Amino acid sequence: MNKRVYLLTIVSFVVGMVELIIGGILDLVAEDLNISLGKTGLLISVFSIVFALMGPILLSVTARIERKKLTLLSLVVFLLGNIVAVFSASFSILMFARIISAASGSLLVVLCVTMASNIVKSEYRARAIGVVFMGISASLVLGVPIGLMLGNSFGWRAPFILIIVLTLLSMAGVYFFMEKIQPKPAIPIKKQIQTLKDNRIFTAQLTSFLFLSGHLTLYGYLTPFLKSSLGLSGNWVSIVYLIFGFAAVAGGGLGGIASDRFGTRPTIIVSIVLFGVSMFVIPYTTFSFPLFIIIMVIWSMISWGITPAQQSYLIELAPETSDIQQSLNNSALHLGIALGSSVGAFVIDRGTVEMNATVGGLFIVLALATAVFSMTRDKKQITSSINHRAG
């Protein structure tokens, strides 16, 4: 496989770090800027919303720009956003910095995925996508711990300084090692939305949305679940998160290999079934910590393992709008994160955290239904709606 894919993986890792790194230092930010913890939490939710919505828009606006050049420009904007974060003296300025980082980061992730799929042979496409998403899942392992370590030692601005350094290194790598990749013809936003008129494409995107909604219903509140259900201390909670993160990283790579070897459709269906079963079973494994860890590892591996197959499936459905579908899928994932987090909070307020797994599992059942629907529909031709592209 082309070694430049690993460079794109590093870029995706840096973007993922920015999204997650602030989660461990919210209290430090709140204290320094003299704001409430709840208000500080908006720095995460607003980031996710901007990240979800701006990908398709920016991809359309920048459709004519050569991909290497666009990646470098996006990295420059991303760098500026983090520089502003370091020097933020108020909540509003820091929020502005997060919005800049989220918008440019959303475009960077789509560019990394599309470039990776373009620079490898077709038989390695799903694997390349899986490797890129390993960068994002790896940030799950390191984002919060690094944020906590640097924030507690040097202040909440220190993690953003690290991001600045990593961004500069990424820019150097892209500049010296990536070749130029010409963009595909531009497709207006209206035409992008029209691609969702294809029932197979729409339900495939809906599958990603429901899958992440179910996942975050529990994962977003894993800490209180671990403490209340297993009685774990803070140190053990950190260990569980590390196990989860490393399993997620491995799952991203294995998911790409499985998709290439067995096909996207079987990989997606089997992944959803196993994921749903693991979520429904988790509340009943807390009597045995080793058993819980085994089920949690399965859950965590599939949480990212399905992504390469899903992305590759969308490319198969609409190769002529593959950039658009991957961007829309990225948006679906982040909107799913937002919904899952909200539903999880509602369940905890109305019941107990142990119920989150069951409620999340119901979302996975819906995801299975939409996946099957997508794969069993006759192809609805959408070529005529996208042939008249902007000149």
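See above for the structure.
Conventions we followed
Residues numbered from 1 in each chain as written. Predicted model: local features only at pLDDT ≥ 70, side-chain atom pairs only at ≥ 80, totals over all residues. Heavy atoms only, no water. Helix = DSSP H or I, 4+ residues; strand = E, 2+ residues; numbered from the N terminus. Buried < 20%, exposed > 50% of the residue type's maximum accessible area, 1.4 Å probe, protein only. Contact = heavy atoms within 4.5 Å. Phe/Tyr/Trp six-rings, centres within 6.5 Å; stacked < 30°, edge-to-face > 60°. Lys NZ or Arg CZ within 6 Å of the ring centre and 35° of its normal. Core = buried A, V, L, I, M, F, W, Y, C linked by side-chain atoms within 4.5 Å. Axes fitted to C-alpha atoms, helices over the stretch in contact; angles between N-to-C directions. Parallel < 35°, antiparallel > 145°, perpendicular 65-115°, else oblique. Left-handed = near helix turned anticlockwise from the far one by under 90°. Nonpolar A, V, L, I, M, F, W, Y, C, P; charged D, E, K, R; others polar. Expected span 1.5 Å × (residues − 1). Polar contact = N/O pair within 3.5 Å; in protein donor to acceptor, adjacent residues only side chain to side chain.

Structural notes on the overall build of the protein
Step number 1: What the protein contains, in helices and strands, is 17 helices and zero strands.
Step number 2: On the principal axes, the C-alpha backbone points of the protein span a range of 60 × 50 × 35 Å.
Step number 3: By residue count, 56% of the 391 residues in the protein fall in the buried class.
Step number 4: Nonlocal contacts in the protein, meaning residues at least 24 apart in sequence, comprise 86% of its contacts between residues at least 6 apart.

Points about the packing of aromatic side chains
Step number 1: Counted according to the given criterion, the structure contains nine aromatic pairs.
Step number 2: The interplanar angle of 90° and the centroid separation of 5.0 Å between the aromatic rings of Tyr175 and Phe176 together place this pair among those described as edge-to-face.
Step number 3: Classification of Phe176 by relative accessible area gives exposed; the value is 61%.
Step number 4: Lying across the ring of Tyr175, Lys68 places its NZ or CZ 5.6 Å from the centre.

Description of the nonpolar core
Step number 1: Counting 70 residues, the largest nonpolar core has Val5 and Leu8 as the members making the most contacts within it.
Step number 2: In terms of residues, this core owes the most to one element, helix H6 (residues 91–118), which gives 15 residues.
Step number 3: If we ignore the near neighbours within four places in the chain, the residues touching Val5 are Ala116, Ile119, Val120, Ala128, Val131 and Val132.
Step number 4: Listed in part, the 43 residues of the second largest apolar core include Phe211, Leu218, Phe244 and Leu314.

Structural notes on the packing of helix H5 (residues 67–86) against H6
Step number 1: Remark: H5 packs on H6, axes separated minimally by 8 Å, with the N-to-C direction vectors making an angle of 155°. Judged on the interaxial angle alone, H6 and H5 are roughly antiparallel. Along this stretch, H5 crosses H6, giving a crossing that reads as left-handed. Residues Arg67, Leu70, Thr71, Ser74, Leu75, Val77, Phe78, Gly81, Asn82, Val84 and Ala85 of H5 lie in contact with H6, whose contacting residues are Ile93, Leu94, Phe96, Ala97, Ile100, Ser101, Ser104, Gly105, Leu107, Leu108, Leu111 and Met115.
Step number 2: Here the residues of the contact of H5 with H6 sort into 15 nonpolar, seven polar and one charged.

A short note on helix H10 (residues 199–219)
Step number 1: Compared with the 30 Å implied by 1.5 Å per residue over 21 residues, the 30 Å span of H10 between its first and last C-alpha is a close match.
Step number 2: Within H10, 17 of the 21 residues are buried, leaving the element largely enclosed by the surrounding structure.
Step number 3: At the N-terminal boundary of H10, the capping side chain belongs to Asp198, with an oxygen 2.9 Å from the backbone nitrogen of Arg200.

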